[in-house]
Amino acid sequence: MLRRIYTAPKSAPVGPPAAALLLAATLLVPALLTPAAVLAAGQDDDGRSIRFGIEAKAHYRSSEKKESFRVNFPTVRELRPVDPGEHVEISTVTLFVDAQWGESVTAHAKIDIIDLYDRNPTSTHDEIDIDEAWIRFGQETPPALLPESRGQYVKVGKMPKFERQNDRHLESYGLVSTAFNRMEDVGIEVGVDLGRHIYLKGSLTAGNPIFLRDVNALAGDHGTPELLEGLPPRLFSGTPIYYDADVESLDTDGDLEVGWGLGARWSSVDGRYGVDFLAWGYARDLADTVPIDGSFYGGDLDILQGPRNAFPFPIEPGNRDKEEIGANLWLYLGELSVFAQYVDQDVAGLERTGLEVELAYRVELPLVWAIGGEQLFTYIAPAVRYSELDPDFSPPPVTPSPSFGWAWEKIDGGLRLGVLEGIDVTAEYTWNEFITAGGPRENNELLVTLRWRR
């Protein structure tokens, strides 16, 4: 089924002490309860198991060169595509660890090496990244599937946000997924099934700091040391939006973020047909500044005001509220899937809305060749995504990121081809249009991805 094709989303690092504790909880607790024979064989009769996996991605990327914009700011004179031209690169090698103890305890870890497409700043951020490290007690039901009965779960660690689309069908990200829930958060999440069709979710987390990044494959270089020395950056800043960035530390002078969700779902017996609607929201107080690894820029209010309030966006004085309210729709009709998300955000009085819709379909190929006993060219899965961001404010006259206040539209279209078991190729093109003071502009990109997973 199409919904079972899982492309693990990218994520964010945590500080070294927090990372060590989370990873230890994820890997050691189930392992200590699992005999050595189970670790070697994979699973025992009581359902205790631990499994390891690996994934690697290589890309051909072609980023357009044509658009650039003069900026009225001393250290950033121009917004230009992050790394224009044609490139062949390896973006990540990912290690997975999954542990199970019966039906009630599950643990998961995901570690990225290289992490090229999530590093921010791209040139100076950490190249080893603990994306996920969590342990869950109880059963969590995937979207648009029905649980056997009432139930509940508690999840602790570094984990995806519960409203995020996890069955992604393209390697790129839409504007809404980039801005609001691309990165994992750190904390605790609970879920309760009030019967088979209605459910509740809640979370208490550190909260992702506000920072800036380009919306194409590379995040860009923002606040790297070369800028202070008057040297040209290794990469450019792109045309950035502000987004929920890496959680790099559990220390924050803002409040913890509170999240809630109320959902309703229906599914056929075999799971091929289903629908899930989720209303959700988050709220926290912004910090004065949040350190960003590899950058002299700070996150949260710092990126919106600048040092000593040097280039403030029109935030409301004394307003520290960061609030989002949104709604999700998952729809599965056999091999067709639809995902839609709407978000309304208020950041210290800066309001913007976002909409994202993805349609995907999986076609089993009628002709299958065999090589060494394995099937060759087994399926093709086309997908198209539309997304938009609509800010309700204007940028200040002096700022390194006037693009925060621009309206955006992005269309991603492509297809994924199953080559062999564990190997697929995804080819996609991004049409990326934004409305500047001088009119509409484009920053398009072609991305071809070879993915291998075992």
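Criteria and thresholds
- Residues numbered from 1 in each chain as written.
- Predicted model: local features only at pLDDT ≥ 70, side-chain atom pairs only at ≥ 80, totals over all residues.
- Heavy atoms only, no water.
- Helix = DSSP H or I, 4+ residues; strand = E, 2+ residues; numbered from the N terminus.
- Buried < 20%, exposed > 50% of the residue type's maximum accessible area, 1.4 Å probe, protein only.
- Areas by Shrake-Rupley, 256 points an atom, 1.4 Å probe, with all protein chains shown as cover.
- Polar contact = N/O pair within 3.5 Å; in protein donor to acceptor, adjacent residues only side chain to side chain.
- Contact = heavy atoms within 4.5 Å.
- Core = buried A, V, L, I, M, F, W, Y, C linked by side-chain atoms within 4.5 Å.
- Pairing = 2+ DSSP bridges.
- Phe/Tyr/Trp six-rings, centres within 6.5 Å; stacked < 30°, edge-to-face > 60°.
- pLDDT = per-residue confidence, 0-100.
- Patch = residues over 30% accessible without salt bridge, like charges linked within 9 Å, V, L, I, M, F, W, Y side chains within 5 Å.
- Salt bridge = Lys/Arg side-chain N within 4 Å of Asp/Glu carboxyl O.
- Lys, Arg positive; Asp, Glu negative; His and termini not counted.
- Charge placed at Lys NZ, Arg CZ, Asp CG, Glu CD.

Asker: When you look at the overall build of the chain in this model, what are you seeing that I'm missing?
Answerer: Looking only at helices and strands, the chain has 5 helices and 26 strands in total. Taking all 454 residues of the chain together, 56% fall into the buried category. Accessible area for the chain stands at about 18900 Å²; split by element, carbon and sulfur atoms hold 62% of it.

Asker: For this particular structure, what's the right way to read the side chain of Asp221?
Answerer: Tracing the chain through its elements places Asp221 in the loop between strand S10 (210-213) and helix H4 (225-228). Polar side-chain contacts of Asp221 include one of 3.3 Å to the backbone nitrogen of Thr122. A distance of 3.2 Å separates a polar atom in the side chain of Asp221 from the backbone nitrogen of Leu235. Not counting residues within four places of it along the chain, the set of residues in contact with Asp221 comprises Pro121, Thr122, Ser123, Arg234, Leu235, Phe236 and Ser237.

Asker: Can you walk me through the nonpolar core in this structure?
Answerer: The tendency in soluble globular proteins is for nonpolar side chains to be buried side by side. Counting 47 residues, the largest nonpolar core has Phe211 and Trp408 as the members making the most contacts within it. Where this core is concerned, the elements lending two or more residues are helix H3 (175-181), S10, strand S11 (241-244), strand S13 (273-285), helix H5 (301-305), strand S16 (321-333) and strand S17 (336-347). No other element matches H3, which puts 4 residues into this core. Leaving out residues up to four positions away in the same chain, Trp408 has contacts with Leu175, Val215, Thr239, Pro240, Ile241, Ser387, Glu388, Leu389, Ser403, Asn432, Glu433 and Phe434.

Asker: For this particular structure, what's the right way to read the pairing of strand S4 (residues 85-101)?
Answerer: Looking down a regular strand, the side chains alternate between one sheet face and the other. With 15 bridges joining them, strand S1 (residues 49-63) and S4 adopt antiparallel strand pairing. Of the residues in S4, the one forming a bridge with Lys57 is Thr92. In terms of strand pairing, S4 meets strand S5 (residues 105-113) through 9 bridges, oriented antiparallel. Residue Thr94 lies in a different strand from S5, and its bridge partner there is Asp112.

Asker: It is not clear to me how the packing of aromatic side chains should be interpreted in this structure. Could you clarify?
Answerer: Within a pair of aromatic rings, the relevant descriptors are the distance that separates the centres and the angle that separates the planes. Scanning the entire structure with this criterion turns up 11 aromatic pairs. When the centroid spacing of 5.7 Å and the interplanar angle of 25° are considered together, the rings of Phe162 and Tyr282 count as stacked. Of this pair, Phe162 sits in the loop between strand S7 (151-159) and H3 while Tyr282 sits in strand S13, placing them 120 residues apart in sequence. Across the pair, Tyr282 and Phe162 agree in class, each one buried. With a centroid separation of 5.2 Å and an interplanar angle of 70°, the aromatic rings of Tyr242 and Phe404 are classed as edge-to-face.

Asker: How should the confidence of the model for the chain be read in this particular structure?
Answerer: Regions with low pLDDT should not have their predicted coordinates read in detail. Mean pLDDT over the chain stands at 87; residues scoring 70 or higher make up 87%. Low pLDDT, under 50, characterises residues 1-17; the predicted model gives this stretch 88 contacts beyond four residues in sequence or across chains. Low pLDDT, under 50, characterises residues 36-41; the predicted model gives this stretch 6 contacts beyond four residues in sequence or across chains.

Asker: What is the right way to look at a negative patch on the surface in this model?
Answerer: Side chains of Glu316, Asp321, Glu323, Asp344, Glu351, Asp390 and Asp392 sit close together on the surface and give a patch of like negative charge. Mapping Asp392 onto the fold places it in the loop between strand S22 (379-391) and strand S23 (407-420).

Asker: Help me understand the pattern of salt bridges in this model?
Answerer: Note that side chains of opposite charge can pair when their charged atoms are close. Applying the stated rule across the entire model yields 28 salt bridges. Among the salt bridges present, the one from Asp300 reaches Arg284, with a minimum N-O distance of 3.0 Å. Of the two residues, Asp300 sits in the loop between strand S15 (298-299) and H5 while Arg284 sits in strand S13, which places them 16 residues apart along the sequence. Comparing Asp300 with Arg284, the two get one shared label, buried. The closest approach of N and O atoms between Arg451 and Asp424, which form a salt bridge, is 2.6 Å. Pair noted here: Arg451 is in strand S26 (residues 445-453) and Asp424 is in strand S24 (residues 423-436), with a separation of 27 residues, a long-range link. Under the relative-accessibility criterion, Asp424 is labelled buried at 6%.

Asker: In this structure, what is going on with the pairing of S13? I would like to understand it.
Answerer: Where strand S12 (residues 257-267) and S13 come together, 10 bridges link them in antiparallel fashion. Counted as the bridge partner of Arg265 is Asp276 from S13. In sequence, S12 turns back onto S13 through a hairpin of 5 residues, with Gly271 there showing a positive phi of about 80°. Across 13 bridges, S13 lies against S16 in antiparallel orientation. Across the sheet, residue Gly281 finds its bridge partner in S16, namely Ile325.

Asker: Just checking my understanding: could you explain a nonpolar patch on the surface for this structure?
Answerer: On the surface, a nonpolar cluster with roughly 600 Å² of combined accessible area is contributed by Phe137, Val154, Val156, Ile188, Val190, Leu204, Leu256 and Val258. Counting residues per element, the ones that place at least two in the nonpolar patch are S7 and strand S8 (185-193). Its location among the elements puts Val258 in strand S12.

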